[in-house]
Amino acid sequence: MTEVRPAEAASDSLWEREEEVAVVEQAIATLRADHSSSGSLLVIRGEAGLGKTALMTEIRRMAEARRCRVWSARGGETLRSVPFNVVRQLLQPALVSLMPEEAREYLGDWYDVAGPALGIAEPGERQADPQGVCDGLVAAVSRLARRDWPLVLLIDDAHWADQETLRWLAAFAERLDDLSVLVVVARRPGEVSGESARYLDAVAAASGRPVTTLDALTPGATAELTRARLGAHADAPFCREVWAVTGGNPYETVELLAKVGDSELEPTEGNAVELRALNRSARGGGLVARLEELGVDATRFAWAAAILGNDISVDLVARLATMGYDDAERCAVLLQGARILTEHDRTSAQLGDGDLEFVHPLIASAVYNSIPDALRTAMHGIAAQVITDSGRGAAMASRHLLRVHPDDDEELVEQLREAAREHLLVGAPDAARRCLERALLEPPLPEVHAEVLYELGCATLLTAPATTIDHLQSALGMPGLDGDKRVDAVFRLSQALLHNNQLEEAVRTVEAEAARHEEGPARLRLQAVQFMWEGISEEAVYPDRSERLAALASTCTGRDNPERALLILRGFDALIHGENAEEVVEYCDRSLVNGRLAPGLGWTDTEWGVELLIMLTSSYAHADRLDRAESLCTEALRAYETAGWSGGHLVLAHAYVGLTHRRRGRLREAEASLRESLRLAERVGRGLPVYWTVTSNLVDTLLARGHVAEAWEIAEEYDFAPPYPSTIIMPDMRSVRGRLLLAVGRTEDGINELEAAEKAAATRGHRNPVVVPWALDLARALAKEDPARAAQLASDARRHAERFGTDTAIGEALRCAAALETGQRAVRLSAQAVAYLESSPCQYEHAAARVEYGIAARSVSEINRGLALARSCGADGLVTQAREVLETGRGLR
């Protein structure tokens, strides 16, 4: 190819980068063309020294020349353990331009969620939800990006970015269709593994275009570059040797040519043999030797700068290198003259108050690796103290503490524990985990060892339940955890076991611990937790559980939270066994304080877990107290959004909002809430109980709407089929899938599924036809094939419905009975169903009963009343059925 010398303003490292530059030029032009255009993402990949940083510098120059705002950041090899380091760098230009109140105004509700991670707000008192913080950062960047259009985001050395930033970047990349912003990410191939690699792969996939891979320079381009730097008289053999020595690596080529210039070596064939020696002096060991030639003080200064990694201020380096400020300034000048350090690029607005930065990441790595191991470890220890003394906090010092050798240092353990607490408060549990794991290596004193294990278990609970189990079991097996903290550790251990599909072990764990305690609140709490885990099991059967729970709950007045928890559990148990609905509601009401959740039992309180409140909400929803269920769901949604909890808790909140809408007959609203819940659930992970909850509710709602094909697509896409999870899901999964199979014409499979639901319900004594509605659908499906059994099923369902006593339960049982009859008996039963459902808050069921009664009675007015109700509910299938009957008109009056 023909080599074209890059523009004068561009770097020497941009030779043979015309295609890459053209792609960027087009992306910038597209960005500037329309404020409402979709964003774009470019990923540049190349080995060390192939010109990624030079290309990013040129992109900045091009963007600024076209009056774009540019925010930039860079990962650092020694800074990967610093959470949110790179995203903080990236946002620094926007944040420093805003007054605190302006930042709060721009970020809105996300200020308190993302602000602590960005270092612009104080963290709250409770552990932040990592997913919520990630969502907050996405919202923050999105809002600021709209303000600063046209905006270009540059992230260099993304392979060295912290995991928290990469998580944000992967999430932000998915939003680019809604944002007019250009994102350019440069990285080396390889270098990362685990979650970080997964996030970088997701970023590349979101770009929607092939990754740009940088190649080494060709011999021709190397010759052109050599003559541009040394003069046109550089002969061909000399130029070929430059390429052979450097392998066409642009960074090494430029550095080698600089050494040739410094040594005043003539670029002729006779001098080509000197190039290899010069190249060795420009890199690796040669760079170290060149550094040592500058003197002991300069070497110490460079080492200290490499230890700090970022925020390289002369003052901090002087303190770390234990030298006076004047000597430090002199060393800084020497290192700049040797092209090792350079003045901090203020245009990149990287985080910190540093005066200096390394000329190239390769130099920073070479200097850092040249420090003798023992001295490097000692310098990290000193750096931690310097950072702490400067007021930057334990979390900022922790990356240095992680590199100090274990030495039975009690103070270091406490520093790492404090750093872990700070990391958790800003939503960085992985950083907290690293600190606590390092604290265990010290090791802690015997009297605090169990507490460190407990704190580590709490930090890993949501991300690694199997690891949490090991930590908490170890903590409970040694002295040091007493009183409420021990009870809490047992509860968290049982949660981890539950999340790790070890439900039986979770039950046994709390049961054994409860037996160790005397009568009192601690024991009552453990007993309540045991009943809670037993109550959500879909597989295990616990003999006499209901009787034991009823006996214990009968002694409870609701005077404290353990008693309130037992009342909720008793109400839920009464619900699923089909006891009288008024009693269900009475138990639930007694668990409240002045009609509200008690302090310590709120949606974001961690002492009990969300399962208890989901049981409370379900009890109200299925007992026709939808106003109370809606109030609880709305409160949950508000609490989670305010606290920035965007993981499984928010998924459940949207799912139960959808459930209450579905129960009321607001089918459109129910579908919208459930689809949002499903979108959020995708980030939590498939296979978890929360995922089944969302899918079961969405399929049920789509069937009610008459959108059978969509319901089937959801079931197929999200594996809504056996094997089912081991925990109770509402609505009952087998009942919903059986109804779906009937709706798509797979009658035999549908009957089999409903009979499986019948068997499972019988084994566990679940007799409430509202909670486990298999009988009503199975009776209809067997009406022609086995009318006697169908009639018996309908009769049993009606008996259970009357025992439960809600208008909805009785009305639905009557609808089923009417469907099995003909003539005037069908009319009478349909009329009775309408009478009950007219008093029910469940409007979809009321609409269906009206249409069915109108058809049975051949009444145009009743069908029209049902049609109007069906339209208001969004029940499109019911609307179609009513219209077809009206259009036919035969026999109607």
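Please refer to the structure higher up on the page.
All figures in this text were calculated on a predicted structure; none of them were measured in a lab.

**A few points about a negative patch on the surface**
Part 1: Together, Asp-407, Asp-408, Asp-409, Glu-410, Glu-411 and Glu-447 make up a region of like negative charge exposed at the surface.
Part 2: Note that Glu-411 resides in helix α20 (residues 410-425).
Part 3: On the basis of relative accessible area, Glu-411 is assigned to the exposed category, the value being 52%.

**Description of the state of the cysteines**
Part 1: Under the counting rule described, the total for this entry stands at zero disulfides.
Part 2: Summary of cysteine pairing: Cys-633 is not part of a disulfide, and the nearest cysteine sulfur, belonging to Cys-588, is at 13 Å.
Part 3: Residue classification places Cys-633 among the buried residues on the basis of a relative accessible area of 3%.

**Topic: the environment of Ala-653**
Part 1: Mapped onto the elements of the fold, Ala-653 is located in helix α32 (residues 648-664).
Part 2: Sequence spacing of Ala-653 and Gly-324 is 329 residues, and the spatial spacing of their C-alpha atoms is 59 Å.
Part 3: Ignoring any residue separated from it by four or fewer positions in sequence, one finds Ala-653 in contact with Ala-636, Leu-637 and Tyr-640.

**Things to note about the packing of helix α26 (residues 521-535) against helix α28 (residues 561-576)**
Part 1: Contact geometry for α26 and α28: axes closest at 9 Å, N-to-C directions at 25°. Relative to α28, α26 is oriented roughly parallel. Crossing geometry of α26 relative to α28 is assigned as left-handed. The segment α26 lies against α28, with Pro-521, Leu-524, Arg-525, Ala-528, Phe-531, Met-532 and Gly-535 engaging Pro-562, Glu-563, Ala-565, Leu-566, Leu-569 and Phe-572.
Part 2: In terms of residue class, the contact of α26 with α28 is built from 10 nonpolar, one polar and two charged.

**Observations concerning the environment of Ser-398**
Part 1: Following the sequence through the fold, Ser-398 ends up in helix α19 (residues 394-401).
Part 2: Note on Ser-398: relative accessible area 3%, which makes it buried.
Part 3: With 141 residues separating them in the primary sequence, Ser-398 and Leu-257 have C-alpha atoms 41 Å apart.
Part 4: Beyond its immediate stretch of four places on either side in the chain, Ser-398 contacts Ala-419, His-423 and Cys-435.

**Observations concerning the pattern of salt bridges**
Part 1: Enumeration according to the criterion identifies 62 salt bridges in this entry.
Part 2: For Asp-112, the salt bridge is made with Arg-104, and the minimal N-O distance between the two is 3.6 Å.

**Here's the deal with the environment of Ala-94**
Part 1: Structurally, Ala-94 is set in helix α3 (residues 85-96).
Part 2: Classification of Ala-94 by relative accessible area gives buried; the value is 1%.
Part 3: For Ala-94, the residues in contact, after removing those within four places along its chain, are Trp-71, Leu-144, Arg-147 and Asp-148.

**As for the packing of α20 against helix α21 (residues 429-441)**
Part 1: Axis separation between α20 and α21 bottoms out at 8 Å; the angle between their running directions is 165°. Classified by the angle their axes make, α20 and α21 are roughly antiparallel. For the pair α20 and α21, the crossing hand works out as left-handed. Between α20, through Leu-412, Val-413, Leu-416, Arg-417, Ala-419, Ala-420, His-423 and Leu-424, and α21, the contact on the second element is made entirely by Pro-429, Ala-431, Ala-432, Cys-435, Leu-436, Arg-438 and Ala-439.

Rules used throughout
- Residues numbered from 1 in each chain as written.
- Predicted model: local features only at pLDDT ≥ 70, side-chain atom pairs only at ≥ 80, totals over all residues.
- Heavy atoms only, no water.
- Patch = residues over 30% accessible without salt bridge, like charges linked within 9 Å, V, L, I, M, F, W, Y side chains within 5 Å.
- Areas by Shrake-Rupley, 256 points an atom, 1.4 Å probe, with all protein chains shown as cover.
- Salt bridge = Lys/Arg side-chain N within 4 Å of Asp/Glu carboxyl O.
- Lys, Arg positive; Asp, Glu negative; His and termini not counted.
- Charge placed at Lys NZ, Arg CZ, Asp CG, Glu CD.
- Helix = DSSP H or I, 4+ residues; strand = E, 2+ residues; numbered from the N terminus.
- Buried < 20%, exposed > 50% of the residue type's maximum accessible area, 1.4 Å probe, protein only.
- Disulfide = S-S within 2.5 Å.
- Contact = heavy atoms within 4.5 Å.
- Axes fitted to C-alpha atoms, helices over the stretch in contact; angles between N-to-C directions.
- Parallel < 35°, antiparallel > 145°, perpendicular 65-115°, else oblique.
- Left-handed = near helix turned anticlockwise from the far one by under 90°.
- Nonpolar A, V, L, I, M, F, W, Y, C, P; charged D, E, K, R; others polar.

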